[in-house]
Each structure stands twice: as C-alpha cells, then as structure tokens.
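Coordinates in review
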Amino acid sequence: NAGVTQTPKFQVLKTGQSMTLQCAQDMNHEYMSWYRQDPGMGLRLIHYSVGAGITDQGEVPNGYNVSRSTTEDFPLRLLSAAPSQTSVYFCASSYSKGGRTSTDTQYFGPGTRLTVL
Amino acid sequence: DAKTTQPPSMDCAEGRAANLPCNHSTISGNEYVYWYRQIHSQGPQYIIHGLKNNETNEMASLIITEDRKSSTLILPHATLRDTAVYYCIVRPRAGTASKLTFGTGTRLQVTL
C-alpha cells in the first residue's frame, strides 16, 4: 500500500489564483481530513469527510472547498488564493468504524508546502 | 474535546528514557488519550493511545493516572531519531470519526 499520498509537494501561487491540492489513500479508509500547519503552530482542521458524498467543515474552513466523490480521493480547492493561506497542508485518513475495538488511528500524508505571493 | 497542556520543550540524552507529561484535567469519561509525533517537516505519526489502563507497544508506553487527569508518554531508550514534536490529544472514543485537535505539543530534543 502507498498509504496517503499528496500532490504536489511544493506550490507557489499568486494572489487570486486557484488550485487543487490532491489527496489519495489506498487503504479503503472511510474518514479523510485536511489540516493546515502554520510555522510554529499545531495542525488545524480545515474540512473532513466521513465517507463518499459526505463532507463537513472543520476549525478553519473559509477559503477552501472540498468534495468526496470516491472513497479514495479527497481534493482540497483554493478558489482565490490569499497570502494568509501560505502554509503546509496535510491530508489524513482513518478506518472509522463504530465499535469498541476500532482504534481510528489517523494516517497522514507527507504534506504540500504552499506559498501565496 | 478536552484541552491538553504540555511543556513546550524537553531535552533527553540518547539512550535514556524520555518522559513526556500531559495534563488533561477536563477529560470526560468517554475520551481517549492519543499521542502523535511530528518529525521535522513530515506528517504526524501515531504513537499510542489509551483510555484508563497503561498501554505499551513497540514504540512507547503510556501511563495514565488513576483519576485520568494526566498522562505520561515514555520512550524507554530515546535515540536521535526520536527528536520531534510530540502531541497529546484527547478525543471521544474510537470509532466516532471525530477530528483530532492538535495543540502546540512538546518539542523533544534528543542529544548525544
């Protein structure tokens, strides 16, 4: 298994440009999420999804859109990039299944380093 | 989710045990204690989790106090590769698909 993959690894945008950060997992995980991490800070949740066709907002959703058309993919879209969105973006997934024995451990991708000028 | 308090940084000599404390005095009965770490520039990595009993795996041990208001992550023989930021997180029971809330963690520096 490749685990959680993210593309691109690095990206530079100009203010107002749009782009999509890709995230894919091959572990058949139901739960996927996007976090951003600013320098010296912990991770903050942007959006998450508990399954295909279902998404919800996290702590800092403004300026970002997501969709979940398949179990494997969870792209993050920036419609009009702003310098405040300069950050490292991490995608994560977990096998979320109800029940006492589920550990719900989250697996993180390697990150996308985004700079908005 | 309950909030956690961790020291901002700690040092540990290589080969010695690293004991990383975490306070979670507002933890509720259905919340687990999770530990993740983040090695420089990489995505966070799961270490261990527990509810009320002490836990051990190939990476670390987790000691939770009887009142569950605090816990300690123990790396029994720290190596240079254990240098990372360690995050203590409390969240509802496994399987509820709830999000992880990261604080600023403890930056562990392992030295020769």
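To be clear, the structure that these remarks concern was listed above.
These notes cover the structure that comes with them.

What counts and how
Residues numbered from 1 in each chain as written. Chains lettered and ligands numbered in written order. Predicted model: local features only at pLDDT ≥ 70, side-chain atom pairs only at ≥ 80, totals over all residues. Heavy atoms only, no water. Helix = DSSP H or I, 4+ residues; strand = E, 2+ residues; numbered from the N terminus. Rg over C-alpha atoms; globule rule 2.2 N^0.38 Å. Buried < 20%, exposed > 50% of the residue type's maximum accessible area, 1.4 Å probe, protein only. Contact = heavy atoms within 4.5 Å. Core = buried A, V, L, I, M, F, W, Y, C linked by side-chain atoms within 4.5 Å.

Moving on to the overall build of chain B. Scanning chain B from N- to C-terminus turns up zero helices and nine strands. Scanning chain B from its N terminus toward the C terminus, one meets helices and strands in the order β-β-β-β-β-β-β-β-β. Computed over the C-alpha atoms, the radius of gyration of chain B is 13 Å, within 12% of the 13 Å expected from 2.2 N^0.38 for a compact globule of 112 residues. Here the C-alpha coordinates of chain B stretch approximately 40 × 30 × 25 Å along the principal axes. Counting across all 112 residues of chain B, residues that qualify as buried make up 46%. In chain B, the proportion of contacts linking residues at least 24 apart, taken out of those at least 6 apart, comes to 57%.

Right, let's get into the environment of Ala2 of chain A. All names here are of chain A. By the element assignment, Ala2 lies in the segment before strand E1 (4-7). Look at Ala2 and you get exposed, because its relative accessible area is 57%. For the pair formed by Ala2 and Leu21, sequence separation is 19 residues and the distance between their alpha carbons is 18 Å.

The next point concerns the nonpolar core. Within the largest apolar cluster, 21 residues are counted, with the highest numbers of intra-cluster contacts made by Trp35, Leu73, Tyr86 and Leu108 of chain B. If you list the elements that add at least two residues to this core, you get strand E2 (18-23), strand E3 (31-38), strand E4 (45-50), strand E6 (61-64), strand E7 (70-75), strand E8 (84-92) and strand E9 (106-111) of chain B. For this core, the leading source of residues is E8 of chain B, giving four residues. By size, the runner-up hydrophobic cluster in this structure holds 18 residues, among which are Met19, Tyr64, Ala81 and Leu114 of chain A.

All names here are of chain A. By the element assignment, His29 lies in the loop between strand E3 (19-25) and strand E4 (31-37). Sequence separation between His29 and Ala92 is 63 residues; the distance between their C-alpha atoms is 9.8 Å. Discounting residues that sit within four places of it in the chain, His29 has contacts with Arg68, Thr71, Ser93, Ser94, Tyr95 and Tyr107.

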